[in-house]
Amino acid sequence: MAEIDIKPQALFDARNRILKLQEQMTDRVLQMATEVEKLMKIVPASEAKAFLKARCNLPAVELSTYVGFARTLKGSEDVLRRRAHPSQS
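Residues numbered from 1 in each chain as written. Predicted model: local features only at pLDDT ≥ 70, side-chain atom pairs only at ≥ 80, totals over all residues. Heavy atoms only, no water.

(A) Inspection of the overall build of the protein at higher detail. When its secondary structure is counted, the protein shows four helices and zero strands. Going from N to C terminus, the protein has its helices and strands arranged as α-α-α-α. Across the 89 residues of the protein, 20% fall into the buried class. Sequence separation of 24 or more characterises 57% of the internal contacts of the protein that already satisfy a separation of 6 or more. Element-wise, carbon and sulfur atoms account for 58% of the exposed surface of the protein, whose accessible area totals about 7,200 Å². (Helix = DSSP H or I, 4+ residues; strand = E, 2+ residues; numbered from the N terminus. Buried < 20%, exposed > 50% of the residue type's maximum accessible area, 1.4 Å probe, protein only. Contact = heavy atoms within 4.5 Å. Areas by Shrake-Rupley, 256 points an atom, 1.4 Å probe, with all protein chains shown as cover.)

(B) The arrangement of helix α3 (residues 60–72) in detail. Under the 1.5 Å per step criterion, the end-to-end length of α3 is 18 Å for 13 residues, consistent within 8% with the ideal 18 Å. For α3, the set of buried residues is Leu63, Tyr66, Val67, Gly68 and Phe69. (Expected span 1.5 Å × (residues − 1).)

(C) The arrangement of the pattern of salt bridges in detail. Enumeration over the complete set of coordinates arrives at two salt bridges. Here Lys20 ties to Glu23 by a salt bridge, and the two come within 3.8 Å at their closest N and O atoms. Taken together, the residues Lys20 and Glu23, both in helix α1 (residues 7–42) and three residues apart, mark about one turn of the helix. For Glu23, a relative accessible area of 15% puts it in the buried group. (Salt bridge = Lys/Arg side-chain N within 4 Å of Asp/Glu carboxyl O.)

(D) Local environment of the nonpolar core. Counting residues in each nonpolar core, the largest one holds nine residues, listed as Leu30, Ala33, Val36, Leu52, Leu58, Leu63, Tyr66, Val67 and Phe69. Counting residues per element, the ones that place at least two in this core are α1 and α3. At four residues, α3 tops the list of elements feeding residues into this core. Apart from residues no more than four positions distant in its own chain, Ala33 is found in contact with Tyr66 and Phe69. (Core = buried A, V, L, I, M, F, W, Y, C linked by side-chain atoms within 4.5 Å.)

(E) Layout of the packing of helix α2 (residues 45–54) against α3. Interhelical geometry of α2 versus α3 gives an angle of 140 degrees and a closest axis separation of 10 Å. Judged on the interaxial angle alone, α3 and α2 are oblique. Two packed elements cross with a definite hand, and for α2 against α3 that hand is right-handed. Mapping the contact onto sequence places Lys49, Leu52 and Lys53 in α2 and Ala60, Leu63 and Val67 in α3. Its residues assigned to classes, the contact of α2 with α3 shows four nonpolar, no polar and two charged. (Axes fitted to C-alpha atoms, helices over the stretch in contact; angles between N-to-C directions. Parallel < 35°, antiparallel > 145°, perpendicular 65-115°, else oblique. Left-handed = near helix turned anticlockwise from the far one by under 90°. Nonpolar A, V, L, I, M, F, W, Y, C, P; charged D, E, K, R; others polar.)

(F) Looking closely at the packing of α1 against α3. Contact geometry for α1 and α3: axes closest at 9 Å, N-to-C directions at 75 degrees. With respect to each other, α1 and α3 are oriented roughly perpendicular. Residues Val29, Leu30, Met32, Ala33, Val36, Glu37 and Met40 of α1 form the contact with α3, whose own contacting residues are Leu63, Tyr66, Val67, Phe69 and Ala70.

It is worth stressing that arrangement in space is one thing and function is another; only the former is reported here.
Laid out in C-alpha cells, this is it:
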C-alpha cells in the first residue's frame, strides 16, 4: 500500500486555523478600540489611560494601539475586516 503524504493536509489545516485566528484577532482589536474610544469620550484621556493600565492591566503598547486607532484607522473597519475575512469579500 502506498504511503499517504500528510504534509499537504497539515499545511491546509494549519492555514485554515491561522486564518480563523487572524479573523478573531482583528475582531477583538476592533472591539477593544471601540471600548477605549467610548471611555475616552466620557473620561479625560489621561485618567482613562491610567485606569486602563492600572485597573484593566492593559499594557502601554496595546493601549497606544487602541488610542491611535481612532486617529489613524477610524472609518477603515470594513477594510480591516475584509483583509481578515478574505472569503467574505
